[in-house]
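Letter by letter, the chains look like this.
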Amino acid sequence: MNDNPSHRRSSFRTTIEQFLKERLDGKLDKLAPDDPKRDELTAQFRLDTWIDDAARRAGQIQAVTHSLKPIHPDARGTNLYRPPDEINQHDEIGSHQLGTRFATDIVGNAAALDVHKLLKLQVEGKSLLEWMSSGDADLIAALSEDTHKAETWIAAFVGITRPRGASASNERAKQLYWLTGDDPLDDDHYQLLAPLYASSLAHAVFHLINEDRFGEAGKEARKARREQRDHNTGYHEYPSLAVQKLGGTKPQNISQLNSERGGINYLLGSLPPKWKACALHEPWNVDSVFPRFGRRDDVRELARGLRVFLNRAPDPTVETRERREAYIDGLIDELVLFAAELQGALPTGWTNDPRCQLVDAEQLWLDPGRAEDDEEFRARWLRLDWLDAIRDRFGNWLNAQLDNKLPVGEVEQRQWARELDVHTEWAAHIDKDRRRIEEGASRSGGRP
């Protein structure tokens, strides 16, 4: 922290003025140079004028950590602001474990959310709301030379963290009777509870799961697993993960954090474990392994996630493209792993068995070791034209996963096939097999 009061006052003032300038510029850019509204807007965004208006509008929103609307969108009742350090500490996972870097949610009038954006501004590692809550003298001086006016503004801003009116639940809210005494037949031994939605905790869980599923560290760890080599860290999987949408097409009506997540809230699976046989069996008497591939739990989860995402018809933005590509990359990662598991578990040459009815391209893909002893098989493998067939079959398979909900066709099929063609792990997997086959052919004197 800088101990120079003048410098700190300047930092606070500059941060606020830059925030107002960016908002003003965004509005002026939409107006013609000679539009008379420009002067009016410029006056509205002077620091004293805007802060005074924002302080009046602060009463339209409330900062919360535990909210009611996610329980039912029409429920009206008490929301709570309880930072983690104000919550009882216990061993179970809860909001108390979020520490100081928890996300504050906002409920109320969506038109007043710009007030919260101001209060989120960071100076010296803390938000303006935190500085206001501590009554920082330099921030007071930065807001206005009139100390009384500045303190009045700050009181209005800090007020967004306080409950509104008497505590109350609602008929649409969830309520439950909790036995606190010893006699379940005695009504006096029960306490009526009205649980709220732990919004800050849900937001932290959302970002943690997304990082585990789509972050670079997790992708590198999965790559190491496929290549059967050590890695510095592990990775996390979330089987039976479900997605709950809050707010429908208007997630902002629930809360600010819910809007930032696009209404997505993850629900962790609470299911008894299922016994799985570890042994892999030969895919006898079928013409394709893609149906078996599609039944894998992780594959079904990724395909379902992509289907739900595309079914929302997201806008064609960079974020949309990256999200879609993350799902496709995950499916291709699983395809590479699926092939590696089959190749590692089944004996070389298993496709030469009469019970193997796979199409030729899939035989070449899944049994590359056969090329070491079967010269005719090796020649077909090294032509590599079977790769086009595998790409097309992958595209057709993925189209089939989406077709019952989405209008997909040849254009999408070709796109999925191209995604497989340029995928790094897929290319590395094929290149590794190619080098091994060519080296084996050279050692045995055969022609590659």
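The following paragraphs examine the structure supplied in this document. Position labels on residues start from 1 in each chain and follow its written sequence. Restriction of local features to residues with pLDDT of at least 70 applies here, the model being predicted, together with a cutoff of 80 or more for giving and counting side-chain atom pairs; totals for whole chains, interfaces and linings are based on all residues. Side-chain metrics rest on all non-hydrogen atoms present in the structure, leaving aside hydrogens and water.

## So, the overall build of the chain
Note the cut-off: For the purposes of this entry, the term helix denotes a DSSP run of H or I that reaches at least four residues, the term strand denotes a run of E that reaches at least two, and both are numbered from the N terminus. Values of the radius of gyration come from C-alpha atoms, whereas the globule rule sets the reference at 2.2 Å times the count of residues to the power 0.38. Think of it in three bands: residues with accessible area under 20% of the maximum for their type are buried, residues over 50% are exposed, and the middle band is partly exposed, with areas taken using a 1.4 Å probe on protein chains only. Only heavy atoms matter for contacts: two residues are in contact if any of them lie within 4.5 Å across the pair. Where accessible areas are quoted, they stem from the Shrake-Rupley method and a 1.4 Å probe; at the residue level, only the protein chains shown are allowed to cover. Here the positive residues are Lys and Arg and the negative ones are Asp and Glu; neither His nor the chain ends is included. Working definition for charges: the position is that of NZ of Lys, CZ of Arg, CG of Asp or CD of Glu.
Regarding its fold elements, the chain presents 18 helices and ten strands. A globule of 448 residues ought to have a C-alpha radius of gyration of about 22 Å, yet the chain, at 30 Å, is considerably larger. When the 448 residues of the chain are sorted by exposure, 40% land in the buried category. When contacts within the chain are restricted to residue pairs at least 6 apart in sequence, those whose partners lie at least 24 apart make up 64%. Summing over all exposed atoms, the chain offers an accessible surface of approximately 25,600 Å²; the carbon and sulfur share of this is 49%. Of note, the chain has its 62 positive side-chain charges centred 3 Å away from the centre of its 75 negative side-chain charges.

## Description of the packing of helix α1 (residues 5-28) against helix α2 (residues 37-44)
For clarity, the threshold we go by: Only the stretch in contact is used when a helix axis is fitted, and all axes are lines through C-alpha atoms; the angle between N-to-C directions ranges over 0 to 180 degrees. Throughout this description, any angle smaller than 35 degrees is read as roughly parallel, any larger than 145 degrees as roughly antiparallel, any in the 65 to 115 degree range as roughly perpendicular, and the remainder as oblique. Handedness of a crossing follows from how the near helix is turned relative to the far one, being left-handed for an anticlockwise turn of less than a right angle and right-handed for a clockwise one.
Interhelical geometry of α1 versus α2 gives an angle of 165 degrees and a closest axis separation of 10 Å. On the basis of their axis angle, the class for α1 and α2 is roughly antiparallel. Two packed elements cross with a definite hand, and for α1 against α2 that hand is right-handed. The segment α1 lies against α2, with L24, K27 and L28 engaging R38, L41 and T42.

## Side note on α1
Convention followed: The length a helix should cover is 1.5 Å for every residue beyond the first.
Over its 24 residues, α1 extends 34 Å from the first C-alpha to the last, a length consistent with the 34 Å expected when each residue adds 1.5 Å. Those residues of α1 that fall on the buried side of the exposure criterion are R8, F12, I16, F19, L20, L24 and L28. Tucked inside the fold, the buried residues of α1 contact α2, α3 (47-57), α4 (113-119), β4 (122-123), α5 (128-133) and α6 (137-143).

## Side note on the side chain of E362
With respect to the helices and strands, the residue E362 is situated in helix α14 (residues 360-366). Residue classification places E362 among the buried residues on the basis of a relative accessible area of 0%. What E362 contacts, discounting residues up to four positions off in sequence, is D287, S288, V289, F290, I390 and R393.

## Observations regarding the packing of helix α13 (residues 318-345) against helix α17 (residues 410-422)
How we decide: Three classes are used, and their members are as follows: Ala, Val, Leu, Ile, Met, Phe, Trp, Tyr, Cys and Pro are nonpolar, Asp, Glu, Lys and Arg are charged, and the others, Gly among them, are polar.
For the pair α13 and α17, interaxial distance at closest approach is 10 Å and the crossing angle is 65 degrees. Handedness of the α13/α17 crossing: right-handed. Facing α13, whose interface residues are R324, E325, I328, I332 and L335, α17 presents Q415, W416, E419 and L420. Along the lines of polarity and charge, the residues of the contact of α13 with α17 split into five nonpolar, one polar and three charged.

## Focus on a nonpolar patch on the surface
Test applied: What makes a patch is a set of residues exposed beyond 30% relative accessible area and free of salt bridges, joined within 9 Å when like-charged and within 5 Å when nonpolar (Val, Leu, Ile, Met, Phe, Trp, Tyr). When a carboxyl oxygen of Asp or Glu lies within 4 Å of a side-chain nitrogen of Lys or Arg, that pair is called a salt bridge.
A cluster of nonpolar side chains, namely L176, W178 and L193, defines an oily patch on the protein surface of about 290 Å² accessible area. When you line up the elements, W178 lands in strand β6 (residues 176-179). For W178, a relative accessible area of 53% puts it in the exposed group.

## Quick notes on the environment of Q363
Turning to its location among the elements, Q363 is positioned in helix α14. Since its relative accessible area comes to 11%, Q363 is described here as buried. Separated by 285 residues in sequence, Q363 and T78 have C-alpha atoms that sit 63 Å apart. The contacts of Q363, once residues within four sequence positions are left out, are T351, C356, L358, R370 and F377.

## Concerning the pattern of salt bridges
In this structure the tally under the stated criterion is 34 salt bridges. R391 is the salt-bridge partner of D388, the closest N and O atoms lying 2.6 Å from each other. Of this pair, D388 and R391 both sit in helix α16 (residues 386-402), separated by three residues, roughly a single helical turn. It is possible to trace a salt-bridge network through shared partners that takes in R8, R9, E124, D136 and D138.

## Looking at unusual backbone geometry
The backbone phi angle of E124 is positive, close to 55 degrees, even though this residue is not glycine. As for its placement among the helices and strands, E124 is situated in the loop between β4 and β5 (126-127). Here N285, not a glycine, exhibits a phi torsion of approximately 60 degrees, which is positive. Mapped onto the elements of the fold, N285 is located in the loop between β10 (264-267) and α11 (290-294). Judged by its relative accessible area of 57%, N285 falls in the exposed class.

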